[in-house]
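Listed here are the chains, written in short residue letters.
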Amino acid sequence: TCVVEDNGVGRAKAKEIRERQRGDHRSFALEAIERRFEILRGSYHESLGYEYEDLAETDEMSTRVTLRIPIDVRK
């Protein structure tokens, strides 16, 4: 498990900014990550994937992303 937190503007504000700039653009990187997890789910019977969580901090929103990735330690 890997947890990453940032103290940016938050996902809601970032989405608002993206919509003003590019309309309903869908990130290639996010689609690629989702596809990779689909492939891994076929090989592993463990819980894997990612989830986002918005964390309120004073006047800003921060975001926590939790990644669950299986590691093969048989080598």
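What counts and what doesn't
Residues numbered from 1 in each chain as written. Predicted model: local features only at pLDDT ≥ 70, side-chain atom pairs only at ≥ 80, totals over all residues. Heavy atoms only, no water. Phe/Tyr/Trp six-rings, centres within 6.5 Å; stacked < 30°, edge-to-face > 60°. Helix = DSSP H or I, 4+ residues; strand = E, 2+ residues; numbered from the N terminus. Buried < 20%, exposed > 50% of the residue type's maximum accessible area, 1.4 Å probe, protein only.

A short note on the packing of aromatic side chains
- Counted under the stated rule, the structure contains two aromatic pairs.
- An angle of 35° between the planes, with centres 5.8 Å apart, marks the rings of phenylalanine 37 and tyrosine 50 as tilted. On the criterion of sequence distance, the pair formed by phenylalanine 37 in helix α2 (residues 28-41) and tyrosine 50 in strand β2 (residues 49-57) is long-range, its members being 13 residues apart.
- Take tyrosine 50: its relative accessible area is 21%, and that puts it in the partly exposed class.
- Residues tyrosine 50 and tyrosine 52 carry aromatic rings whose centres are separated by 5.7 Å and whose planes lie at 85° to one another, so their mutual orientation is edge-to-face.
- Tyrosine 52 sits in the partly exposed class, given a relative accessible area of 36%.
- Taken together, the aromatic side chains of Phe37, Tyr50 and Tyr52 make up a single cluster linked through ring pairs.

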